[in-house]
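Letter by letter, the chains look like this.
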Amino acid sequence: MNRLIVVSNRVNPPAGEGEESVGGLAMALAAALRQYSGLWFGWSGQTTPEFDGKISMQTVGGVTTALIDLEPADLDEYYNGYANRTLWPLFHYRTDLAAYDRVYGEGYSRVNRRFAETLAPLIGEGDLIWVHDYHLIPLARELRSLGVKNRIGFFLHIPWPAHQVFTTLPGHGRLVEAMFDYDLVGFQTAEYRQAFEEYVLAEAGGAELQPGVLTAFGRTLKVGAFPIGLDAADFARMLKTPRARRMRDVMTAATVFRHLVVGVDRLDYSKGLEERFLGFERFLADNPDLRREVLMLQIAPVSRESVDAYQEIRGRLDALSGRINGEYSDVDWNPFRYVNRTYRRDELAGVYAAARVGLVTPLRDGMNLVAKEFVAAQDPDDPGVLILSRFAGAARQMEEALLINPNSPEEIADALKRAIAMDRPERVRRWKALFEKVEKEDVTAWRDAFVGALEGVMESGGTRPAALAS
Ligand code: GDG
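These figures come from a predicted structure and were not determined experimentally. (Residues numbered from 1 in each chain as written. Predicted model: local features only at pLDDT ≥ 70, side-chain atom pairs only at ≥ 80, totals over all residues. Heavy atoms only, no water.)

Novice: Give me the lowdown on the sheet that holds strand β14 (residues 357-360), citing residues and values where you can.
Specialist: Pairing in this open sheet of 6 strands is parallel, and the strands run β13-β12-β11-β14-β15-β16 from one edge to the other. Across the chains shown, the open sheet's two edge strands, defined by having one partner strand only, are β13 (336-339) and β16 (402-404). Looking at each pair of strands side by side, their axes are set apart by 20 degrees on average, direction ignored. Examined bridge by bridge, β14 and strand β15 (residues 385-389) share 4 bridges and lie parallel to one another. Bridge pairing links L359 to I387 in β15. (Pairing = 2+ DSSP bridges. Helix = DSSP H or I, 4+ residues; strand = E, 2+ residues; numbered from the N terminus. Axes fitted to C-alpha atoms, helices over the stretch in contact; angles between N-to-C directions.)

This is how it looks when you write it as structure tokens:
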């Protein structure tokens, strides 16, 4: 087996039992690497006054990590700048929030070069390199310029936007050209892959040589859809822990004679939280007879606080949750609980287990692992109902959920009513179909499919240009 080198912006191996960091990517990568002899390379999350290329290596939770510090300007221009103020909003269709600044682009290139220069000496012959997410799109280009000839794959965790949206990015051609220095590029769904192909064909003068093999910029590239999944076995183990059970019991006791509706999201404008709150408000307004029968709990730990759009949405959510409780609370009862704390993963599992409805309504989402966690946590004999946005990548696999348009408060309100009224046989039937997929299409299947495809690049004759093939 070849050694696997995973590269991502942040490296967050599990700190301890149940204490993994918030964010789908971190969850998935820790799980994927645990069973692989390999290395996880990336930013430590710390800054240093002057970049020195120093690598700190350690082994945590069975995973070997190689961490570098970045300069404060890197943090501003690369991370908070190009990654989170330009690419993130744009790829989530928020062109209104996307900021374009030459300094951001320069920071992005500089940090990708720094990653490449520090990583290159660690790469051995035959190592497979797997780069993750939108922070590091040009990394293969930088590595190739340093003479690295290994197979390099890239996986995009967020959506690939439609052609018309993507072309609003200044310098879009350069970004896509850099992607052709990978051997394999993976997307969460076939829809994102198709959007990428459409761009290559329409905008870059490329062609499809055969299904899943594109040519453009004088190079060829393999592309594929690899839907990410949960570490289903670990999640099942966690559900049985005393902490998870206790949390389930606490939440069950707190909702006697009431149904718990739960949402769990990083506090991000792509997650559709405002629209969800409005949908719940509409449900309360439309259904006076059901008001006392539900409690909605929204867990939303804050993220990316130094980006202004995140501070603004936080303010709006505080106001909305206050308005809903102000309007509908009674002396002995309130309908809505909104918390910004971060919970342990085992505690979250317990919360999901106690819930009758999982409300997952992102406006755009590459995949969405919360939808899968909710399904994995349900009691097979009396499962809850998943309400899922049709704009989450997960909707492509999870058709048995109640699929809704998250922009419509009416659709959210109607789906809540339907979920609460749904009889047990229908809940069991829907849940079974969903659970089978969550279990089977898990993080191991995802990793094996991607790494297998990357390994296959050379074996099938190589799709890299002759000049680069080793
Ligand atoms: C990106 C893509 C894609 C949430 N609150 C707490 C907590 N979480 C955990 C959830 C879940 C994870 O964070 C969030 O994962 P998502 O998949 O929903 O979303 P992103 O963070 O935006 O991840 C996404 C993913 O990458 C993987 O490819 O699915 O589309 O945007 O696991 O449970 N975890 C803890 N405490 C919390 O309070 N411990």
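Novice: Let's hear about the sheet that holds strand β8 (residues 207-210): which residues, and what values?
Specialist: One open sheet accounts for 10 strands, arranged β3-β4-β2-β1-β5-β6-β7-β10-β9-β8; its pairing is mixed. The sheet is open, and its two borders are formed by β3 (56-60) and β8, each paired with just one other strand. The sheet shows a mean angle of 30 degrees between the axes of neighbouring strands, taken without regard to direction. Contacts from helix α2 (residues 72-91) reach β1 (4-10), β2 (38-47) and β4 (63-70), with the element oriented near 110 degrees to β2. (Contact = heavy atoms within 4.5 Å.)

Novice: Describe the nonpolar core, listing the residues and the values that go with them.
Specialist: Among the nonpolar cores identified, the biggest contains 94 residues, and V7, F115, W160 and F196 are the most heavily contacted of them. Looking at which element gives the most residues to this core, the answer is α2, with 8 residues. Taken domain by domain, this core gets at least three of its residues from each of domain 1 (4-229 + 444-460) and domain 2 (232-440). In this structure, L4, L67, F226 and M398 belong to the second largest nonpolar core, which totals 60 residues. (Core = buried A, V, L, I, M, F, W, Y, C linked by side-chain atoms within 4.5 Å. Buried < 20%, exposed > 50% of the residue type's maximum accessible area, 1.4 Å probe, protein only. Domains from an automatic or database assignment.)

Novice: Describe in detail the environment of L75, supporting the description with residues and values.
Specialist: Within the secondary structure layout, L75 lies in helix α2. For L75 and T47, which are 28 residues apart along the polypeptide, the C-alpha to C-alpha distance reads 7.9 Å. Apart from residues no more than four positions distant in its own chain, L75 is found in contact with W43, T47, N80 and G81.

Novice: Describe the pattern of salt bridges, with residues and values.
Specialist: Under the definition given, this model contains 35 salt bridges. Salt-bridge contacts for R282 lead to E410; the nearest nitrogen and oxygen are separated by 3.0 Å. Note that R282 is positioned in helix α10 (residues 273-286) and E410 in helix α14 (residues 409-421), a separation of 128 residues in sequence. Overall, the relative accessible area of 38% leaves E410 in the partly exposed class. With a shortest N-O distance of 3.1 Å, R292 and D330 are connected by a salt bridge. With a gap of 38 residues between them, R292 in the loop between α10 and β12 (294-299) and D330 in the loop between α11 (308-328) and β13 connect regions that are remote in the sequence. Residue R292 is classed as partly exposed on the basis of its relative accessible area of 40%. Overlapping salt bridges, with partners in common, bring together E71, D74, E77, R110 and R114 in one network. (Salt bridge = Lys/Arg side-chain N within 4 Å of Asp/Glu carboxyl O.)

Novice: Residues and numbers for helix α12 (residues 345-354), please.
Specialist: With 9 of its 10 residues buried, α12 lies for the most part within the structure. The set of residues buried in α12 consists of R345, D346, E347, L348, A349, G350, V351, Y352 and A354.

Novice: Which residues make up the packing of aromatic side chains, and what values do they have?
Specialist: On inspection of all chains with the given rule, the structure shows 27 aromatic pairs. Arranged with centres 5.8 Å apart and planes meeting at 80 degrees, the rings of F91 and F166 form a pair that is edge-to-face. Separated by 75 residues along the polypeptide, F91 in helix α2 and F166 in helix α5 (residues 163-166) bring together distant segments of the chain. The burial state of F91 is the same as that of F166; both residues are buried. For the ring pair W130 and W446, a centre distance of 4.9 Å and an interplane angle of 45 degrees mean the geometry is tilted. Within this pair, whereas W130 is found in strand β5 (residues 128-132), its partner W446 is found in helix α16 (residues 443-459), the two being separated by 316 residues in sequence. (Phe/Tyr/Trp six-rings, centres within 6.5 Å; stacked < 30°, edge-to-face > 60°.)

Novice: Tell me about the domain arrangement of the protein, and please be specific about residues and values.
Specialist: Examined at the domain level, the protein breaks down into domain 1 (4-229 + 444-460) and domain 2 (232-440). A straight line from the C-alpha centre of domain 1 to that of domain 2 covers 30 Å. Each side of the interface is counted separately: domain 1 has 29 residues, and domain 2 has 27 residues. For the pair domain 1 and domain 2, the summed buried area comes to about 2300 Å², and 57% of that belongs to carbon and sulfur atoms. For the pair domain 1 and domain 2, the number of links is 2 salt bridges. The shortest N-O distance in the salt bridge between R396 and E191 comes to 3.0 Å. In this assembly, domain 1 and domain 2 are joined by 10 residue pairs in polar contact (both at pLDDT 80 or more). For the side of domain 1 that touches domain 2, the secondary structure elements donating two or more residues are α1 (24-34), α2 and α7 (190-203). Sort the elements by how many residues they give to the side of domain 1 that touches domain 2 and α2 lands first, with 6 residues. Along the lines of polarity and charge, the residues of the side of domain 1 that touches domain 2 split into 14 nonpolar, 9 polar and 6 charged. (Buried area = accessible area lost by both parts, 1.4 Å probe. Polar contact = N/O pair within 3.5 Å; in protein donor to acceptor, adjacent residues only side chain to side chain. Nonpolar A, V, L, I, M, F, W, Y, C, P; charged D, E, K, R; others polar.)

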